[in-house]
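# Fold and contact review
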Amino acid sequence: MYEQKVRLSNEIGLHARPASIFIRQAVKFPCDITVEKAGRSYNAKSIMSVLSMSASKGDEIVVRADGQEEIEAVESLIDLIENKLNDY
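What counts and what doesn't
- Residues numbered from 1 in each chain as written.
- Predicted model: local features only at pLDDT ≥ 70, side-chain atom pairs only at ≥ 80, totals over all residues.
- Heavy atoms only, no water.
- Helix = DSSP H or I, 4+ residues; strand = E, 2+ residues; numbered from the N terminus.
- Rg over C-alpha atoms; globule rule 2.2 N^0.38 Å.
- Buried < 20%, exposed > 50% of the residue type's maximum accessible area, 1.4 Å probe, protein only.
- Contact = heavy atoms within 4.5 Å.
- Areas by Shrake-Rupley, 256 points an atom, 1.4 Å probe, with all protein chains shown as cover.
- Lys, Arg positive; Asp, Glu negative; His and termini not counted.
- Charge placed at Lys NZ, Arg CZ, Asp CG, Glu CD.

Broken down by element type, the protein carries 3 helices and 4 strands. Reading the protein from its N end, one meets helices and strands in the order β-α-β-β-α-β-α. Here the C-alpha radius of gyration of the protein, 11 Å, is about what a compact globule of 88 residues would show, namely 12 Å. Judged by the C-alpha coordinates and their principal axes, the protein covers about 30 × 25 × 20 Å. Taken across its 88 residues, the protein has 43% of its residues classed as buried. When contacts within the protein are restricted to residue pairs at least 6 apart in sequence, long-range pairs at least 24 apart make up 72% of them. A total accessible area of about 4700 Å² is found for the protein, and carbon and sulfur atoms account for 47% of it. The protein carries 11 positive and 14 negative side-chain charges, and their two centres are separated by 7 Å.

What follows is the structure, encoded as structure tokens:
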């Protein structure tokens, strides 16, 4: 299991378009991936789960992966959050 914390900095957090981009990246990896916010865990490969998290700008989340390519998965999703979602 591998995990990293990240703070959301894009204007709308993980809602609508940013959430769909995040999920498209997550499903590329064969491991189980979850996102944790405020002690609750959400399936990072499910649009309904990620949207129900209601993650907004400034929220701290934990991206956690378990299985094959877990490190690559977490680092890829952290990079996406920190560097590529700011346009949304």
